[in-house]
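Observations on the three-dimensional arrangement
Take a look at the letters that make up each chain.
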Amino acid sequence: MISTIFNFLTKQRKAWLAFVLVLWGMFAYFAFQINIQEDISKTLPQGGNLQQYQDFFKRSPIASKIVVAIGASDTLLETDELISLGEGYLDALDSSAFKLIDTIQFRFGIESSTAPFDFFYDNLPYFLESQIQDSLIASLDTSDIKAAVNTTLAKLVSPESYALKSYMLKDPLGLYSRVLQNLSGLQEGGDFVLKNNHLYTEDERYILVFVSPSFPASESKNNGLLVDALNKAKADLASKNDVDTYLFGGPVVAAKNGEQIRKDTRLTGVLAIVLILALLFWYYRKVLVPFLFLLPPLFGMTVAVGSIFLLRGEISILTLAAGTIVLGIALDYCFHLFTHLKHSSSVQVALDDIGGSLILSCFTTILAFLSLLFLDSQILTDFGLLASFSLIGTLFFVLLVQPHILSGLGVLDKLKGGDHWIDRLFKKNINWRRPVFISIVAISVFLGFFVGDVSFEDDLNKINYFPKELEEAETIVTNSETKEKSVFVISRGVDFQSVIDNNESVTSKLDSLKRRGEANSVVSLNHIFPTTTQIDNRRKVWNDRVESGASDLIIKDFKQQSVKVGMKEESFSQFYDLLGSRAESGLAYPQDFLQSSIFENFLVFSDEGVEVINMVNTTPEEVAKVQQALAGTNAIVVDKTLMANSLVEVVKDNFNLLLIITTSLVFLTLLINYGRIELGLMTFLPMVVSWFWILGICGLFDIRFNFINVLITTFIFGLGDDFCIFISDGLLSKYKLGK
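Residues numbered from 1 in each chain as written. Predicted model: local features only at pLDDT ≥ 70, side-chain atom pairs only at ≥ 80, totals over all residues. Heavy atoms only, no water.

With respect to the overall build of the protein
Rules: Secondary structure elements follow DSSP: runs of H or I no shorter than four residues count as helices, runs of E no shorter than two count as strands, and numbering proceeds from the N terminus. Burial status follows relative accessibility: with a 1.4 Å probe on protein chains alone, a residue under 20% of its type maximum counts as buried, one over 50% as exposed, and anything between as partly exposed. By definition, residues are in contact when any of their heavy atoms lie within 4.5 Å. Only the protein chains shown count as cover for residues, and the accessible areas themselves come from Shrake-Rupley with a 1.4 Å probe.
Looking only at helices and strands, the protein has 32 helices and 13 strands in total. Looking at the protein residue by residue over its 739 residues, the buried ones come to 49%. For the protein, the share of sequence-separated contacts (at least 6 apart) that also reach a separation of at least 24 residues comes to 81%. Counting only carbon and sulfur atoms, one obtains 59% of the accessible surface of the protein, whose full area is about 35,500 Å².

What follows is the structure, given as structure tokens:
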């Protein structure tokens, strides 16, 4: 069949080759239009809990920040020195960096922004618990009011009154300070120290600058540009001061991964091509032959990338890097063609000899790679498509194009030269069977003791590229050397008030963990913002007091005591207005208030609604108890350990699914092709043995499986079935035809 097509195309060889060249150019045009993604998170499964974890790390303001730690590891600098270094670092940033930055946080505290605090004062009845209203207001007498006025007067004549005068006059009873205490609790769960309106690491050796990029953490290209700009400022600061500066955060990790992936992709691609060319030249001793070998794989890869552009428009750089695996299989097809041309009397005979075997081999290999489409990882499904399209293009070129190129260039006669010493070695009548069989059995028995020791990787840092400098930065910024760790708990709602209502039961359970000593601290916006029920209750308590006239009596006493100490009667006029006014029927939160810097780390707004982030500080041993306590809620617990455990389970499930699908498809195809179960089993047996060996080697050397090297499974069946099919076909041909 293939020889008939070859004879037909030979009559129109120039037109046929011109058509193939145009086809190649068309796919090359599409291939160059494709968008290359560098998002490392797409290697992970996309469903279930892992998808929720990934969504959190992509959208969470906490996870997307870059933390810059500036200080000295061997010297404890004074606070003023650290502040000066931080200001020097910000001054060293050039304009290109600010184009990639949304916000920079260096100063923290009331003075940095008063608008959010004014909102709390204007709506104070809703933020004061009912029991606090009763204890601070309902039980007031004349002596309490006199003491409050005298205390306020003493503070007004002190140096601190310059910055806080308006707050003292607005809150002589300290009602507002109760809300501020709750706000300060937002710092409780961090590994940082707030001092002089700046944040420091827990040991106070480093001052911190928080940089929020204006793009997602997964965009490695922009991450790289921003990190380069931050490192440039780091170098500039170090040139003028004896100082250590560390960068850490999701964007920094993404940038480092993107940079390393690009380097590795270039290195593996260049090494593969150079080594293959050298091997081919060593074997064939012809300069042109090695380059002709590369034409089918290049055509196949061009077709594959162009096809993925038409289907999806983008491809991961990790998928392209893994494409070097396909190069080995594609070159194998070329070896079959060149080897048979060398030992056949004509091109037609060679094509008839290998045509059926190559098509069957390619078909089973494509089935193995397409089984990746059943997995949950986008990169693995992309690789399945890339490999399948690549092999289809390669087989098309090997069978229908390469013979015409070889004939046109007169290469066929050059291939029929003397045998290489490798050919002569295998032609010798040496009885290999017994020693080879004994060796295979011995190795299989030995490796069988280690098959059960195979494990799956549960360290997420080993899936990412995590160099030593990032490890040092993580230790300094997160204080990871201590036993305490932060766990994030996420609740969702359609709007802000509904998410606060939904989060109430979650906060209650987390507070219970803290009371039992199973959590060291709990940070929750529910410690500040009231639920709908609490709003109604607090409004009722406040309005009942106003309507009873109790507030008017308190105001009257304040005016009298103010005059007695020499203050104006209306000195506390804003406080009088607040105390004597009824609370309205609802509490509306302005969007700019909710998105202020105070709350940005704890709220995520999206088209689907609002997410509130609770933070629990606990020990690694108690993390499971946090998850157990929240088992009956809709909250999502985000923690590296829990995420790693989920990843291991998903990898196991996907791995087993992939193994079942691949082995079933390949064996079924072999059985249908050969028509006899014993021939199918004998052809399939080497693949089973090779897989058994790989499991044993992995167990012996503690090589752990992760979601990337699951590709080994498809590669074993992809390349293995090629060898098995050709050996079986060769043996059948020998017994049937005597050749």
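A look at the pairing of strand β5 (residues 198-201)
Basically, it comes down to this: When DSSP finds at least two bridges between two strands, those strands are taken to pair.
A two-sided burial pattern is seen for β5, the buried positions comprising H198 and Y200 on one face and L199 and T201 on the other. Across four bridges, strand β4 (residues 192-195) lies against β5 in antiparallel orientation. The residue of β5 that forms the bridge with K195 is H198. Between the end of β4 and the start of β5, which pair antiparallel, lie two residues, with N196 showing a positive phi angle near 55 degrees.

Regarding unusual backbone geometry
The phi torsion at E204 lies on the positive side, around 60 degrees, for a residue other than glycine. Here E204 is to be found in the loop between β5 and β6 (206-213). You can call E204 partly exposed: its relative accessible area is 29%. One non-glycine residue, D702, adopts positive backbone phi at about 55 degrees.

Quick notes on the pattern of salt bridges
Filter applied, for reference: We define a salt bridge as a contact between a side-chain nitrogen of Lys or Arg and a carboxyl oxygen of Asp or Glu at a distance within 4 Å.
Here the structure, examined in full by the defined rule, presents 15 salt bridges. The salt bridge involving R516 is made with E518; its shortest N-O contact spans 3.3 Å. A salt bridge links K540 to D544, with the nearest nitrogen and oxygen atoms 3.1 Å apart. With K540 and D544 both in helix α25 (residues 532-548) and four residues apart, the pair spans about one turn of that helix.

Focus: the pairing of strand β12 (residues 609-618)
The element β12 is largely enclosed, with a buried count of 10 among its 10 residues. Here three bridges tie strand β10 (residues 521-523) to β12, and the two strands are oriented antiparallel to one another. Paired with V523 across the bridge in β12 is M615. Relative to β12, strand β11 (residues 603-606) is paired through four bridges, and the arrangement is antiparallel. Directly across from L603, in β12, lies its bridge partner V612.

Concerning the nonpolar core
In plain terms, the rule: Take the buried residues of types Ala, Val, Leu, Ile, Met, Phe, Trp, Tyr and Cys, join any two whose side-chain atoms come within 4.5 Å, and each joined set is a nonpolar core.
Residues F120, L525, F529, F558, F575, Y589 and F599 are the most contacted members of the largest nonpolar core, which totals 58 residues. Beyond its immediate sequence surroundings of up to four residues, F599 is in contact with F120, L183, L186, L525, F529, F593 and L594. Counting residues in each nonpolar core, the second largest holds 54 residues, with F27, V303, L380 and L400 among its members.

A closer look at the environment of W542
Short version of the rule: Think of a polar contact as two N or O atoms within 3.5 Å of one another; within protein, one of them needs to be a possible hydrogen donor and the other a possible acceptor, and neighboring residues in sequence only count if both atoms come from side chains.
Structurally, the position occupied by W542 is in helix α25. Remark: the alpha-carbon pair of W542 and P125, spanning 417 residues in sequence, is separated by 6.4 Å. If sequence neighbours within four positions are ignored, W542 has contacts with P125, Q133, I137, L578, L579, S581 and A583. Among the polar contacts made by the side chain of W542, one reaches the main-chain carbonyl oxygen of S581 at a distance of 2.8 Å.

Some words on the packing of helix α15 (residues 288-311) against helix α18 (residues 378-400)
The condition that has to hold: Axes here mean lines fitted to C-alpha atoms, for a helix over just the part in contact, with angles spanning 0 to 180 degrees between N-to-C directions. Here is the rule for angles: anything less than 35 degrees is roughly parallel, anything more than 145 is roughly antiparallel, 65 through 115 is roughly perpendicular, and the remaining ranges are oblique. The sense of a crossing depends on the near helix, which, turned anticlockwise from the far helix by less than a right angle, makes the crossing left-handed and, turned clockwise, makes it right-handed.
Two numbers describe how α15 lies on α18: the axes approach to 7 Å, and their chain directions differ by 135 degrees. On the basis of their axis angle, the class for α15 and α18 is oblique. The way α15 lies across α18 gives a crossing that is right-handed. Between α15, through L295, P296, P297, F299, G300, M301, V303, A304, V305, S307, I308 and L311, and α18, the contact on the second element is made entirely by D382, L385, L386, F389, S390, G393, T394, F396, F397 and V398.

Regarding the environment of A72
Tracing the backbone through its elements, the reader meets A72 in the loop between β2 (66-71) and α5 (79-92). Given the relative accessible area of 5%, A72 is considered buried. Sequence spacing of A72 and D244 is 172 residues, and the spatial spacing of their C-alpha atoms is 5.3 Å.

So, helix α10 (residues 142-156)
In an α-helix, one full turn covers 3.6 residues, which means residues spaced three or four apart are oriented alike. Quick note on the threshold: A helix is expected to reach a length of 1.5 Å times the quantity of its residues less one. Directions drawn from the helix axis to the C-beta atoms are what define this arc.
Counted at 1.5 Å a residue, the expected span for α10 with its 15 residues is 21 Å, and the 21 Å between its end C-alpha atoms agrees. Buried residues of α10: I145, A148, V149, T152 and L156, and no others. One face of α10 carries all of its buried residues, which in axial projection span an arc of 95 degrees.

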